[in-house]
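# Understanding the architecture of this molecule
Residue strings, one per chain:
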Amino acid sequence: MKIGITCYPTYGGSGVVATELGKALAEKGHEVHFISYAFPHRLSHYVKNIYYHEVELSKYPLFEHQLYGLALTSKMLEVIEFENLDLLHVHYAIPHATSAYLAKQIIRTHNKDIKIITTLHGTDITLVGLEPSFLPLVKFSIEESDGVTAVSRFLKEQTLTNYNIHADIKVIHNFVDTSLYTINPSQKMRESYAPNGEKILIHTSNFRVVKRVTDTIRILDLVKKEIPAKLVLVGDGPDRSECERLARELDLSDDVKFLGKQDGLEEILNCADLFLMPSQSESFGLSALEAMACGLPVVSSSVGGLPELVRHNETGYIAEFGDISRMALYTIDLLKNEKKYKAFSRNARERAVNNFDINLIIPQYEKYYESVLGDLA
Ligand code: GMT
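Structural notes, computed from the coordinates. (Residues numbered from 1 in each chain as written. Predicted model: local features only at pLDDT ≥ 70, side-chain atom pairs only at ≥ 80, totals over all residues. Heavy atoms only, no water.)

### So, the environment of Met-1
Applicable threshold: Put simply, DSSP marks the helices as runs of H or I at least four residues long and the strands as runs of E at least two long, and each gets a number from the N terminus on. Note on contacts: a residue pair is in contact if any heavy atoms of the two residues lie within 4.5 Å.
Positionally, Met-1 belongs in the segment before strand S1 (2-6). With 302 residues separating them in the primary sequence, Met-1 and Val-303 have C-alpha atoms 37 Å apart. Ignoring sequence-local partners within four residues, the contact set of Met-1 consists of His-30, Glu-31, Asp-86, Leu-87, Tyr-369, Glu-370 and Leu-373.

Here it is, written out as structure tokens:
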């Protein structure tokens, strides 16, 4: 199959899912063409069958605001036509699904057809897409897609309800390569963050306000009253300065390590004991899944698709978002009770392997592609 994939190429779960999907499809012999404004960061090395097409942005002085959606449509058109794509799979509805719709209409005038699949990831539906100026466009672009997938049952329900959409949405959960994200503790790295044997909490995200990263620092503050602990924060984004300020205010500067954006997450996760995800909005929680694959129990909020991933009292704990005291209590309970911790760690790994491994999820996408392409006849 010849598949075009459009995604946000930098840090963020939707780009990770799209890139790992493309890599896996290419390894299975499909020809994959990434179309985006930058090289997807998870495409770190050459992979056979993968091609990259960069969207060119015109610098014409009249265009005070860059016309990304239109430039993307033009590049999609070019790739569909000259690479003879069978389908275009766009990740994150805004503006990708709309650009794809437009490309499809134009290519029809060249007597060609292309199938469009849109994967909904999260805030394209729960936040940005709901803005009055975007809502009709998002609804239209979803309804006009030939296939629509959502990364959780929660997100599917939100889409159907909030947009009053009449579309068949297939749920395909996020996935992880559990042979790469595995249990492989690194004592040396661990000691660099926790030289006196402290427990290590970890959180990775793009530090947007919805992630409530400041809660992780407040949780550490409470946990430290009971057990020696450190917090490792990976990633960067709008809330990072506020987090650094809070760590100083709570006199935790020596206990919170801000690593910024990092590659090789599997190694960093392996130096920690427990993953925190206190989000206010989370359609699935890919970074929590990656942590679970490394055997880390997760203490999270109960929002969105998180209960589809985290099993309360089995692979971790869930609490109301904003309930920092309860999350701290759960964290202390797990870290103080070695037998329980080991069982939760094992359960977390098993849940990732048995339900969300890459080898289970990629065939679901392939099957879905075939069913959508079957409608061509
Ligand atoms: O919707 C977003 O906030 C962006 C997106 C991203 O690019 O990071 O994140 C979403 O997609 C991930 C991959 O499908 C999900 O695991 C995340 O839960 C989801 N984020 C939110 O819903 C906040």
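### Some points on the site of the ligand
Inclusion rule: Neighbouring residues are identified by heavy atoms, a residue being near a molecule or strand if any of them is within 4 Å of it. Counting of polar contacts relies on pairs of N or O atoms within 3.5 Å, with two restrictions inside protein: one atom must be capable of donating a hydrogen and the other of accepting it, and residues adjacent in sequence are counted only when both atoms are side-chain atoms. Computed with the Shrake-Rupley method and a 1.4 Å probe, the accessible areas treat only the protein chains shown as cover for residues. Ten residue types, Ala, Val, Leu, Ile, Met, Phe, Trp, Tyr, Cys and Pro, are classed as nonpolar, four, Asp, Glu, Lys and Arg, as charged, and the remainder, Gly among them, as polar.
Close to the ligand lie 17 residues; Gly-13, Ser-14, Thr-123, Arg-208 and Glu-282 are nearest. At 2.5 Å, a backbone N or O of Thr-123 approaches an oxygen atom of the ligand. One nitrogen or oxygen atom from the side chain of Arg-208 is found 2.5 Å from an oxygen atom belonging to the ligand. Here the ligand has 480 Å² of accessible area as a free molecule, and 95% of this is covered by the chains. Among the elements that take part in the shell around the ligand, helix H1 (residues 13-27) stands out by supplying three residues, more than any other. Residues of the shell around the ligand, tallied by class, amount to five nonpolar, ten polar and two charged.

### Details of the packing of helix H8 (residues 213-223) against helix H13 (residues 324-336)
The criterion, for reference: In this analysis, axes come from line fits to C-alpha atoms, helices being fitted only over the stretch in contact, and the angle between any two N-to-C directions falls in the range 0 to 180 degrees. The cut-offs work like this: below 35 degrees is roughly parallel, past 145 is roughly antiparallel, 65 to 115 is roughly perpendicular, and the gaps in between are oblique. The handedness criterion is simple: a crossing whose near helix is rotated anticlockwise from the far helix by less than a right angle is left-handed, and one whose near helix is rotated clockwise is right-handed.
Across the interface, H8 lies against H13 with an axial gap of 9 Å and an inter-helix angle of 55 degrees. The angle between H8 and H13 falls in the class oblique. Crossing handedness for the pair H8 and H13: right-handed. Here H8 contributes Asp-215, Arg-218, Ile-219, Leu-222 and Val-223 to the contact with H13, which in turn contributes Ile-324, Ser-325, Met-327, Ala-328, Thr-331 and Ile-332.

### Comments concerning the packing of H1 against helix H15 (residues 358-374)
Where H1 contacts H15, the two axes come as close as 11 Å, and the packing angle between them is 80 degrees. For the element pair H1 / H15, the angle class is roughly perpendicular. Between H1 and H15, the residues in contact are Val-17, Leu-21, Ala-24 and Leu-25 and Ile-358, Ile-362, Tyr-365, Glu-366 and Tyr-369, respectively. Residues that form the contact of H1 with H15 fall into these classes: eight nonpolar, no polar and one charged.

### Regarding the packing of aromatic side chains
Rules: Pairs were defined over the aromatic rings of Phe, Tyr and Trp, the Trp ring being its six-membered one, requiring ring centres within 6.5 Å. Orientation was assigned from the angle between planes: stacked under 30 degrees, edge-to-face over 60, tilted for the rest. Any residue under 20% of the maximum accessible area for its type is buried, any over 50% is exposed, and the rest in between are partly exposed; the area is computed with a 1.4 Å probe on protein chains only.
Counted according to the given criterion, the structure contains eight aromatic pairs. Ring plane angle 85 degrees and centroid distance 5.6 Å describe the contact between Tyr-37 and Tyr-68, whose orientation is recorded as edge-to-face. Of the two residues, Tyr-37 sits in the loop between strand S2 (31-36) and strand S3 (50-54) while Tyr-68 sits in helix H2 (residues 68-83), which places them 31 residues apart along the sequence. On the basis of relative accessible area, Tyr-37 is assigned to the partly exposed category, the value being 32%. By relative accessible area, which is 14% here, Tyr-68 ends up buried. Aromatic rings pair up to connect Tyr-317, Tyr-330 and Phe-344 into one cluster.

### Points about the nonpolar core
Counted only if it meets this: Buried residues of nine kinds, namely Ala, Val, Leu, Ile, Met, Phe, Trp, Tyr and Cys, make up a nonpolar core once their side-chain atoms join them within 4.5 Å. How far each domain reaches was decided by an automatic or database domain assignment.
Residues Met-76, Leu-88, Ile-202 and Phe-275 are the most contacted members of the largest nonpolar core, which totals 123 residues. Of all the elements, H15 adds the most residues to this core, at eight residues. Composition of this core by domain shows at least three residues from each of domain 1 (2-175 + 358-374) and domain 2 (187-355). Apart from the residues lying within four places of it in its own chain, the contact partners of Leu-88 are Gly-4, Ile-5, Ile-35, Met-76, Ile-80, Ala-100, Ile-114, Lys-115, Ile-116 and Ile-117.

### A few points about the sheet that holds strand S8 (residues 199-204)
To keep things clear, this is the line we draw: Following DSSP output, two strands are said to pair if at least two bridges run between them.
Read from one edge to the other, the open sheet built from six strands follows the order S10-S9-S8-S11-S12-S13, with strand pairing classed as parallel. The sheet is open, and its two borders are formed by strand S10 (256-260) and strand S13 (316-319), each paired with just one other strand. The sheet shows a mean angle of 20 degrees between the axes of neighbouring strands, direction not considered. Relative to strand S11 (residues 274-277), S8 runs parallel, the two sharing two bridges. Along S11, the bridge assignment pairs Leu-201 with Leu-274. Its contacts with the sheet put H8 on S8, strand S9 (229-234), S10 and S11, and the angle it makes with S9 is roughly 170 degrees. Strands in contact with H13 are S8, S11, strand S12 (298-301) and S13; relative to S13, the strand with the most contacts, it is inclined by about 170 degrees.

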